[in-house]
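Summary of the model geometry
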Amino acid sequence: VGDATNAARRAVYRGLPAGNKAELLLAGADHMTCGGQATPAGMGAVLRREAGAGALEPGHRVVVARVTTDWWHWRLLGDDAARARLIEPAGLAEGDAWQQG
């Protein structure tokens with residue numbers, strides 16, 4: 001958000017206690033990737049998009065939907081197949097990262 005660096009945003013995961021946590025990093029994504037729309041009306045000057053983020057957004061949303069659905073199926077329903085898929089989620093591209101623990 002704003003001018004926060006990627007390293008600063010990733011520090012949150014490291015600061016959480018070990019256990020039921022996960023982090024998905026999508027290369028080329030920005031804050032608005034999961035915001036529900038590319039740029040809310042009237043916010044274009046406030047919310048600067050990273051170059052190329054809009055073009056990658058459809059693929060990123062597919063990965064986010066897949067990973068979060070598997071996470072909740074595993075955590076809420078005890079779905080062992082979903083847990084197995086989270087070991088190495090499908091659809092991650094070069095530069096993406098997934099960790100849990």
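Scroll up a little and you will see the structure.
Residues numbered from 1 in each chain as written. Predicted model: local features only at pLDDT ≥ 70, side-chain atom pairs only at ≥ 80, totals over all residues. Heavy atoms only, no water.

1. Structural notes on the overall build of the protein chain
Put simply, the test is: Note on conventions: DSSP H or I runs of at least 4 residues are helices, E runs of at least 2 residues are strands, and numbering of each starts at the N terminus. For this analysis, residues touch if any pair of their heavy atoms sits within 4.5 Å. Working definition of accessibility: Shrake-Rupley area with a 1.4 Å probe, residue cover restricted to the visible protein chains.
Within the protein chain one finds three helices and two strands. The linear arrangement of helices and strands in the protein chain, starting from the amino end, is α-β-α-α-β. Partitioning the intrachain contacts of the protein chain with sequence separation of at least 6 by distance along the chain shows that 61% fall at a separation of at least 24. Here the protein chain has roughly 6,700 Å² of accessible surface; of this, 58% comes from carbon and sulfur atoms.

2. Some thoughts on the pattern of salt bridges
Worth spelling out the cut-off: By convention in these notes, a salt bridge is any Lys or Arg side-chain nitrogen within 4 Å of a carboxyl oxygen on Asp or Glu. The cut-offs for exposure are 20% and 50% of the maximum accessible area for each residue type, with area from a 1.4 Å probe on protein chains only; residues under the lower value are buried, those over the upper are exposed, and the others partly exposed.
Within this structure, the stated rule accounts for three salt bridges. Here aspartate 70 and arginine 85 are joined by a salt bridge, their closest N and O atoms 2.7 Å apart. One end of the pair, aspartate 70, is in helix H2 (residues 53–77); the other, arginine 85, is in helix H3 (residues 80–85), and 15 residues separate them in sequence. The class for aspartate 70 is buried, based on a relative accessible area of 9%. The class for arginine 85 is partly exposed, based on a relative accessible area of 41%.

3. Focus on the nonpolar core
The condition that has to hold: In this text, buried Ala, Val, Leu, Ile, Met, Phe, Trp, Tyr and Cys residues form a nonpolar core when linked through side-chain atoms within 4.5 Å.
Counting nine residues, the largest nonpolar core is built from Leu26, Val63, Val64, Val67, Trp71, Trp74, Ala82, Leu86 and Trp98. With residues up to four places along the chain from it excluded, the contact list for tryptophan 71 reads Asn20, Lys21, Ala22, Leu86, Trp98 and Gln100.

4. Quick notes on H2
For an α-helix, 3.6 residues make a turn, and residues three or four places apart therefore share a direction. So the rule is basically this: Under the convention used throughout, the expected extent of a helix is 1.5 Å for every residue step, that is, one less than its residue count. A residue's bend is simply the angle between two axes: one fitted to the seven residues ending at it, one to the seven starting at it.
In a regular helix each residue adds 1.5 Å, so 25 residues correspond to 36 Å; H2 covers 33 Å between its end C-alpha atoms and thus fits that length. Of all the bends in H2, the greatest, near 35°, is centred on glycine 59. The set of residues buried in H2 consists of Ala53, Glu57, His60, Val63, Val64, Val67, Asp70, Trp71 and Trp74. In this structure, the buried residues of H2 make contact with strand S1 (22–25), H3 and strand S2 (97–100). One or two residues past the end of H2 sits glycine 78, with phi positive at roughly 70°.

5. Quick word on the packing of aromatic side chains
What describes a pair of aromatic rings is the distance from one ring centre to the other and the angle between the planes of the rings. Operational definition: Note on aromatic pairs: the rings of Phe, Tyr and Trp (six-membered ring only in Trp) are paired at centre separations within 6.5 Å, and the planes decide the class, stacked below 30 degrees, edge-to-face beyond 60, tilted for the rest. Two limits define a charge over a ring: the Lys NZ or Arg CZ must be within 6 Å of the ring centre, and within 35 degrees of the ring normal.
Summed over the entire model, instances satisfying the criterion amount to one aromatic pair. Note that lysine 21 overlies the ring of tyrosine 13, its terminal NZ or CZ placed 4.2 Å from the centroid.

6. Observations regarding a nonpolar patch on the surface
Short version of the rule: For patch building, the residue pool is restricted to those with more than 30% relative accessible area and no salt bridge; the joining distance is 9 Å between like charges and 5 Å between nonpolar side chains (Val, Leu, Ile, Met, Phe, Trp, Tyr).
Taken together, the side chains of Trp72, Leu76 and Leu77 define a hydrophobic patch exposed on the protein surface, amounting to about 390 Å² of accessible area. By relative accessible area, leucine 77 is classed as exposed at 63%.

7. Concerning the environment of alanine 27
When you line up the elements, alanine 27 lands in the loop between S1 and H2. Expressed as a C-alpha distance, the spacing of alanine 27 and histidine 60, which sit 33 residues apart in the sequence, is 9.1 Å. Sequence-distant contacts of alanine 27, that is, excluding residues within four places in its chain, are made with Leu56, His60, Glu94, Gly95 and Asp96.

8. Overview of the side chain of aspartate 96
Under the convention used in this document: For this analysis, a polar contact is any N or O atom pair within 3.5 Å, provided that within protein one partner can donate a hydrogen and the other can accept it, and provided that sequence-adjacent residues contribute only side-chain to side-chain pairs.
Relative to the elements of secondary structure, aspartate 96 occurs in the loop between H3 and S2. Within the local environment of aspartate 96, its side chain forms a polar contact with the backbone nitrogen of alanine 27, the two atoms lying 2.7 Å apart. A polar side-chain atom of aspartate 96 sits 2.6 Å from the main-chain amide nitrogen of alanine 93. Once you skip the residues sitting within four places of it in the chain, aspartate 96 turns out to touch Leu25, Leu26, Ala27 and Gly91.

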